[in-house]
Structure formats: C-alpha cells, structure tokens
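Take a look at the letters that make up each chain.
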Amino acid sequence: MEDHGPARRTGRDCDAVAWNDMVSLIIAPVGLVTRLFRWWVGELAGLVPSWLKRRLAGTTDRVVLLPGEGEAALYLESNQGLALLGRVALDAEGEAARRVGAILRHHALDRAIAAGRATLCLRIPAERALRTTMDLPLAAEENLYEVVSFELDRHTPFRAEQVFLAPRIIERNPATQRLTVEVLLVPRSGAEEAMAVAARLHLEPSRIDIAEEGGQHAASDNLLRAGGRRSGRRGYNRLVYGLAATAAILAVIAVALPIVKAQQAADELAQQFALVKQTAVEEAALQKQVDELRKNELFLIQKKRERPTVSTLLLETTRILPDNTWLSDWQLAGSEVQLLGVTESASAIVGLLEQSRIFGHTTFLSPVTQDSAGHEHFHVSTQVVQGEKS
C-alpha cells in the first residue's frame, strides 16, 4: 500500500500537465482574437453617427414637470440641457390638462412618450426637500439604500416608510474605511401632493427626483426605486444583445485566424487565472465586511428595541408631574431629558422623577427662582435609566 501512493501522485501530475497543454492549444487563438476585435471596434466606433450612439446607449429625452405655487412648468431635458416648454396655471383642472396636452403635441412629445423615446419625470422643488449627511462604514456601499433606510430615524425626524429618499456617496475614505453619504429626502405627504398635481394634468411620471437649489436641474437620483430597477433591466437586455452579437462576430473571426503559439496562450491564461484569484480574494474580503455589518445591524436593532421611545418618555413625564406644574420646554438629547417650567415646589419635581421607573440621576441645571405669585421656576436634567432600576 505504501508504494502505490507516490505512483498515483506522479500520474496525476502528468495528467495535469497534459490537460494544461491541451487547454493552451484550444484557447491559443483567444488572445489574438481579442486584440484584433478591440482594434476593429475602435476603428468602427468613429464611423457610427451620434444619433445611433445615443440609441444604442439607451439615452432618451425627458419631459420634466416642476410644480410650483399655483402653476407648473414643463421642461425638455436632453443632452443639450434643459429647455422650457411652457407654464400652466393650476386653477382650472380641466383647462390645465388640455394646456399640457397641447404643449406636448406642439413639440411632438406625445408620440415620443408613447413610443418610449421620451420619459416623464416629476421634479420636486428643492425647498420641499430635506438634506442630511451620514458617516457609514465602507462596506455599506453594497447595500447603501437599506443601510440608509435603517439609519434614517437617527439623523432625521422620519422613518424610512414616511419619506421618499435618494442616497448619494460624496466621499470614500479607504484609510478609515468610511463613507460620507448625502441623503436627499421628501416627506411622503409632500411627494404625494406633487404626484396629485401630475395626475390632475393626466401625466404618469416614471421618475421622481429633486431639483437643485436655485435651479431646475436634478440634484438626486430617482426616488422611485422600482423605476431604477426597470431601467436597469432594459440596460441588462441591451447588454445581453450586445454580448450575443459580439460572440457571433468573434466566432466568424476565429474561423479565419490561424492558431498561434501555445506558449503565448499559456502566458495569457496564467494572467487570467491570477486575475480571477485576486478577484475571488477581494470578493471574500468584501463578503466578510458585509457579514460583519449585518451583525452590527442586528445589534443596533436590539438596542433600539430596548430603549424607550420618545412617546413613552413624554407619557411618563406627563404621568408623574403634578397638576400644578407647567412645562415650557422638554428636550431629549441622547439619554438626557431636560425639563423647564413652573411649579409650586421644584424639589418635589426632583423627588417624583427619582421615583419613576424610567428616569433617574435628576439634578438642577440652574438655581430655582420665584415669581411674584410664589411659583418656582425650575430647570432640571434627568437621565433615561430604564433597565438599570430593579
């Protein structure tokens, strides 16, 4: 049994060498074909008309509806820029819709929209939108929309289901493994109001975005994520057709090309194997970062569930304060709650807060003062300590 092991290993080595030689002979023309095809495509690219390039690239004109106060503006957005088509008063619903139809027919855009050569876009004015920035781990880029949606209520007064949002990466810092992300968002009520204006004008936009400050150009991506997926699907279909055509051309060219030296193909194949190995290592590292991020997300979700909500804190404050107490200010910053108001006994307020199951570590932030009516003005700070008290 011991003498057969080395013989078997030597046989496998010989089979591997023979297999590599056979692969080298079969794939030998690929390198030459690829270089010839790249040169040929580069020469032909200069002869393609610009309109055909735009058609192959899938670029279309865009009719933009920008609602305002009492009126709406229609623009044509193309590679040449943004051109005003007309303005429509919104006071008469039927007349406004007829006016929009007349503008589109005048510029032959109704047929372009029906044929898919132009799309409809609802652009929300910048003053109706909110803007914030987030600092996120670099690995969040792969699932950017989901991560931003999860973190939204920590940076804004809204939850993800209450808004339409579009995140955009403005800085990557590989040294610190962090991303700086700008988030543009519109409250759902504001977006639905703008969509109602489009419906009154008999328009069905496939894209909703936000205008830049002080202008009419888009400052965000599509707020309708489904629309982005549809356009991505069209791009995918075009890619498949292009790859099929490229494969057919390569097959025709390969028939006419002679077989080159086996060593050249072996060298190129070795480079391809090294590139694939490097890509696999990078993907494994990225997957590890994503798994770690998801683990951190679960931890954050658990922490959010354990922490009392703002409504719970307000309810507890209302419950424990006596009827002769009036609050002029209630602020929450992290785990600290500050109360500013008037009462008959400020020291009693501190005692009531200390007896609460949620609050504790209550202190005065400023001396207690009395007014002419004998009421005491107080400013206290208390901590959210739910879970610490038995």
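Our structure's up above, just so we're on the same page.
Residues numbered from 1 in each chain as written. Predicted model: local features only at pLDDT ≥ 70, side-chain atom pairs only at ≥ 80, totals over all residues. Heavy atoms only, no water.

(A) Local environment of the sheet that holds strand β2 (residues 71-78). Read across the open sheet, the five strands follow the order β3-β2-β1-β4-β8; overall the sheet is mixed. Two strands in the sheet have a free side with no partner beyond their single neighbour: β3 (81-89) and β8 (207-210). With direction set aside, neighbouring strand axes in the sheet form an average angle of 25 degrees. Pairing of β2 with β3 involves eight bridges; the strand directions are antiparallel. Of the residues in β3, the one forming a bridge with tyrosine 75 is leucine 84. Relative to the sheet, helix α6 (residues 188-200) contacts β1 (61-67), β4 (118-124) and β8, its axis offset from that of β4 by approximately 135 degrees. (Pairing = 2+ DSSP bridges. Helix = DSSP H or I, 4+ residues; strand = E, 2+ residues; numbered from the N terminus. Axes fitted to C-alpha atoms, helices over the stretch in contact; angles between N-to-C directions. Contact = heavy atoms within 4.5 Å.)

(B) Molecular detail of the packing of aromatic side chains. Applying the stated criterion across every chain, the model contains zero aromatic pairs. The ring of phenylalanine 164 has arginine 188 sitting right over it, with the charged end atom 4.5 Å from the ring centre. (Phe/Tyr/Trp six-rings, centres within 6.5 Å; stacked < 30°, edge-to-face > 60°. Lys NZ or Arg CZ within 6 Å of the ring centre and 35° of its normal.)

(C) Spotlight on the side chain of glutamate 376. Considering the arrangement of structural elements, one finds glutamate 376 in strand β13 (residues 376-384). Residue class for glutamate 376 comes out buried when judged on its relative accessible area of 17%. Within the structure, glutamate 376 has its side chain in polar contact with the backbone nitrogen of alanine 346 (distance 2.7 Å). (Buried < 20%, exposed > 50% of the residue type's maximum accessible area, 1.4 Å probe, protein only. Polar contact = N/O pair within 3.5 Å; in protein donor to acceptor, adjacent residues only side chain to side chain.)

(D) Representation of the sheet that holds strand β6 (residues 163-173) within the structure. In space, the three strands of this open sheet follow the order β5-β7-β6, with antiparallel pairing throughout. The outermost strands of the open sheet, each flanked by one partner alone, are β5 (130-137) and β6. Ignoring which end each strand starts from, the neighbouring axes of this sheet average 25 degrees apart. With eight bridges joining them, β5 and strand β7 (residues 178-187) adopt antiparallel strand pairing. Bridging from a neighbouring strand, leucine 136 pairs with leucine 179 of β7.

(E) Just unusual backbone geometry, in detail. Despite not being glycine, alanine 108 shows a phi value in the positive range, around 55 degrees. As for its placement among the helices and strands, alanine 108 is situated in the loop between α3 (93-106) and α4 (109-114). Residues other than glycine seldom take positive phi values, yet histidine 202 does so here, at roughly 60 degrees. Tracing the sequence through the fold places histidine 202 in the loop between α6 and β8. Assessed through its relative accessible area of 65%, histidine 202 is described here as exposed.

Treat this as a map of the structure, not an account of what it does.
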